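# Residue-level structural notes
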Amino acid sequence: MKIGFPRALFYFDYFPFWAGFFYSLGIEVVTSPPTHRQIMEQGLKKASDETCLPLKLLAGHIQALKEVDAIFLPRIVSVEADTYSCPKFLGIPESLLPAVPSGIPVLTVTLNWRKGKRQVLKDLQVFGLQLGKGKTDIRKAFTLGQEWQKRYQDSSGAGWDFEESVREIESVPKGLKNSQNCTVPHHDTNHLRIALVGHSYLTHEPYANLNLIGRLRKKAEVELVQHVKQEEVDNHLLGLRKKLFWNLAKQIFGAGNKFVTDPKIDGIIYLSCFGCGTDSMVQELLARFAREQHKPYMMITLDEHSGEAGLVTRLEAFLDMVERRKVREGYVSAHGERLDCDSNTL
Amino acid sequence: MKVTFPHMGNAWIVIQTLFESLNVEVVVPPTNSKRTLQLGTRLSPESACLPLKLNLGNYIEAVNEGADTIVITGGIGPCRFGYYGEMERQILRDAGYAYDVVTLEPPDGSLLGLAGRIRYLAGSKNSWVKILKALRFAYLKSVELDRVEDLIHSARPRLPDPRETEKLYEDAKIRIAQTMTEIGVKDTVRWVQESIRERQSGLNPIERFYKPLRIGIIGEIYTILDPYTSVGIEEELGRLGVEVDRSIYLSGWVGNHVFQGLAPGYRSIKSYPGHAKPYLPHFVGGHGQETVGAAVKFAQEGFDGIIQIFPLSCMPEIVAASVLPKVQKAYKVPIMTLIVDEHTGHAGMQTRLEAFVDLLERANSELGFEQNRGDVLSVGGR
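The structure presented is a predicted model; accordingly, all values stated were derived computationally and were not measured. (Residues numbered from 1 in each chain as written. Chains lettered and ligands numbered in written order. Predicted model: local features only at pLDDT ≥ 70, side-chain atom pairs only at ≥ 80, totals over all residues.)

## Observations concerning the environment of Cys86(A)
The topology assignment puts Cys86(A) in the loop between strand E4 (75-78) and helix H4 (87-90). With 160 residues separating them along the chain, Cys86(A) and Trp246(A) place their C-alpha atoms 6.6 Å apart. Apart from the residues lying within four places of it in its own chain, the contact partners of Cys86(A) are Trp246(A), Gly277(A), Thr278(A), Pro78(B) and Met315(B). (Helix = DSSP H or I, 4+ residues; strand = E, 2+ residues; numbered from the N terminus. Contact = placed C-beta atoms within 7 Å.)

Below, the structure is given as structure tokens:
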């Protein structure tokens, strides 16, 4: 049996788990190719107009899955206690059914960690019945999936590269044996260090974000939200009066706060997409904090019309500003109204 | 301490009653207007949803009357509304408004914490019995208020002078807002019923048995409850001779959201998830699933058309909107989606409503004539 797994949205955070899960069950997983123009266009045609870019891309990737026995679209309600995923995650697969090519069945399972591990396992076992697998098989597959996921997350420290890690997981038969060979890059203190903050399905999606990481890496070292350890994230969430209830937003805000207070980080870029509901709140909170701490901060909003020239211009201007500030140790403000009061270089 | 709160349609009547019966000083902000929205938009994050912008506008306008404490309900997601309290507190603090924000919700699930917050608002003089009595009375008012609203919905297309009907509604609202006894509230409802009956008796038989088109309004709760936000869609449709029904009424929301389902409200929203099951089996936050369920229910009840309204970028409603075409197909009922934001204009909305009503009327008058969206859309090259 061949299961199609679209390379979009939940792929970027949870693929290792599912890869391990299906590997243990002896089911072949086929992922769609990296996003290209046609996938985007197909997605725009089939997805609802109002929804956000990542979901439109997902609709495209679903159509790009050819020659599979079924398409796998999990409903990821929650991945840890007391949080939810974005409401649009909860509406999968129903909201994307129009994009599924006719004749291919959709497999789905509800994953809700709010109710605890036992419930998750139970739901997976019900799902296993559809696949014709027994309870013990599912339990084993679940354990292996978690192991892979953990390994993937542990490896996402310094020197970790998303593409590389995932390629490793995708070449499944070889297994995850030589994952420790990543080299820690030498940190040059004179080099610029930019933190790229945002959802993994935007930061790791080079087609949609116009290869933002690649462009940044040419000029600076890039820190990602996904590199920050869970404990550090939690420590930086304490300033809020009310806990955030979206797990990805929590990670973004906690890590973002760490970057703002970290003196080694020279500037922060927040990557969001048009119509993102969680970002509309978290981005504002983070921008307020960055402004307060005088950290250079830029927000980039993506949509399906993002033009390259506009992005490059903004990026260059931002990097120039950050660099000048670093070299002259001056205070170039991250916000217009503070230009006169805090700056001594201009 | 002077308490204020954000507007949401008729909710102010209920909230004002609640605080006044506890002898807490309360400021009702000026009703939502262009100015409110302008003030709010200036402070809000660009991509925040419309209710947040209006809320902030309400607070700023309430400052002039000396308000210093905001009361708002909360939630644990995944709809953005659950985080409004903290967001608004930070925005107002940074903008230099000395507001204290009290979010009425169990903090981290602790009911004791909620009790503490209620105690803080009510002061030490009110006993718990009195607080519960006040809550009960406010709830009762909201139920009767919804009853009046529903009467007006059916009166609008049937009575001759629309201005008179609106005046009746306004008068009824003022009467309910002012009365502080159960009998007074019930009397007002009776008064509205009698006034409508009286006016109807003056009509000729053809007019009296006129069967108007029926349109069900579904969507995000703030937009459908607040006539300013929905550009007066219910009044507009009433004037076009359409009887309107709505998926969620204020007391239904209060019963479900504030009393955690202990009170059913004027129209319970409990049945909606069951109706939505074949199309959207899982809840998606906010009232997304309820929207789909209500669409199914309206379709089953034989409504002529359904209109969904939500603020731009509302996450749960977007999910609902992408599922609704299936309902439309299954029940052959036209569904139109309207999205509102701070740039929504009255004329644009009016045009779309008129076109929609025309379409429904034609389907009604020409029997056997079936609306075929496919033919129309294929012109556009899809």
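## A few points about helix H2 (residues 34-43) of chain B
Along an α-helix, residues three or four apart share an orientation, since each turn contains 3.6 residues. Residue and element names in this part refer to chain B. Among the residues making up H2, those that are buried are Thr-36, Leu-37 and Gly-40. The buried side chains of H2 occupy one side of the element, clustering within an arc of 90° when seen end-on. In H2, the exposed positions angled more than 90 degrees off the buried face are occupied by Lys-34, Arg-35 and Arg-42. Looking at the buried residues of H2, the elements they touch are helix H3 (50-63). (Buried ≥ 20, exposed ≤ 12 C-beta atoms within 10 Å, placed from the backbone. Arc of directions from axis to C-beta.)

## Some remarks on the interface of chain B and chain A
Contact residues are listed per partner, giving 32 residues for chain B and 27 residues for chain A. Taken together, the elements giving at least two residues each to the side of chain B that touches chain A come down to helix H4 (84-94) and helix H15 (315-331) of chain B. Broken down by element, the residue count for the side of chain B that touches chain A peaks at seven residues, all from H15(B). Looking at the side of chain B that touches chain A residue by residue, the class counts come to 17 nonpolar, twelve polar and three charged. (Nonpolar A, V, L, I, M, F, W, Y, C, P; charged D, E, K, R; others polar.)

## A short note on the sheet that holds strand E8 (residues 335-340) of chain B
Residue and element names in this part refer to chain B. A sheet is described by the order of its strands in space; here four strands give the open sequence E6-E5-E7-E8, paired in parallel fashion. At either end of the open sheet lies a strand with only one pairing partner, and these are strand E6 (242-246) and E8. Averaged over all neighbouring strand pairs, the angle between strand axes comes to 25°, with direction disregarded. With five bridges joining them, strand E5 (residues 213-219) and E6 adopt parallel strand pairing. Bridge pairing in E6 links Ile-215 to Val-244. Here helix H14 (residues 288-300) sits on the sheet and contacts E5, strand E7 (305-311) and E8; the angle it forms with E5, its principal contact strand, is near 170°. (Pairing = 2+ DSSP bridges. Axes fitted to C-alpha atoms, helices over the stretch in contact; angles between N-to-C directions.)

## Observations concerning the domain arrangement of chain A
All names here are of chain A. Along its sequence, chain A is carved into domain 1 (2-179) and domain 2 (186-342). The partner domain 2 presents 22 residues to the 24 residues of domain 1 that form the contact. Breaking the side of domain 1 that touches domain 2 down by element, the ones donating at least two residues are helix H1 (11-25), helix H2 (37-46) and helix H3 (53-64). Top contributing element to the side of domain 1 that touches domain 2 by residue count: H3, with four residues. (Domains from an automatic or database assignment.)

## Points about the domain arrangement of chain B
Residues and elements named next belong to chain B. Domain boundaries assigned for chain B yield domain 1 (3-126), domain 2 (136-156 + 158-210) and domain 3 (212-382). Each of domain 1 and domain 2 has a C-alpha centre, and these two points are 29 Å apart. Looking at the side of domain 1 that touches domain 2 residue by residue, the classes come out as three nonpolar, four polar and no charged.

## Digging into the pairing of E6(B)
Counting buried residues in E6(B) gives five out of five residues, a clear majority hidden from the surface. With burial as the criterion, each face of E6(B) is covered, one bearing Val242(B), Val244(B) and Arg246(B) and the other bearing Glu243(B) and Asp245(B).

## A word on the sheet that holds strand E1 (residues 2-5) of chain A
All names here are of chain A. Reading across the sheet, the four strands line up as E2-E1-E3-E5 and stay open at both edges, with parallel pairing between neighbours. Where the open sheet ends on each side, the last strands, each with one partner, are strand E2 (28-31) and strand E5 (106-107). Sheet topology note: the E1/E2 ladder contains four bridges and is parallel. Bridge pairing links Ile-3 to Val-29 in E2.

## Description of the confidence of the model for chain B
Per-residue pLDDT for chain B has a mean of 89; in total, 96% of the residues score no lower than 70. Of the regions scoring below 50 in pLDDT, residues 373-382 of chain B engages in one contact with residues more than four places distant in sequence or in other chains. (pLDDT = per-residue confidence, 0-100.)

## As for the nonpolar core
Ranked by size, the top nonpolar core spans 184 residues in total, and within it Val197(A), Ile268(A), Ile269(A), Leu271(A), Val292(B), Ala295(B) and Ile306(B) carry the most contacts. For this core, the leading source of residues is H1(A), giving nine residues. Each residue touching Leu271(A), except ones within four places of it in the same chain, is listed here: Leu196(A), Val197(A), Gly198(A), Leu202(A), Thr203(A), Asn209(A), Leu212(A), Ile300(A) and Leu302(A). (Core = buried A, V, L, I, M, F, W, Y, C linked by C-beta atoms within 7 Å.)

## Section: the confidence of the model for chain A
All names here are of chain A. In the predicted model, chain A carries a mean pLDDT of 85, and the fraction of residues at 70 or more is 85%. The least confident element of chain A is helix H14 (residues 339-342), whose mean pLDDT is 44; the most confident is strand E3 (residues 70-72), at 95. This model gives residues 173-184 a pLDDT under 50, and the stretch forms 13 contacts once residues within four places in sequence are excluded. For residues 339-346, every residue scores under 50 in pLDDT, and the model assigns this stretch 16 contacts once sequence neighbours within four places are set aside.

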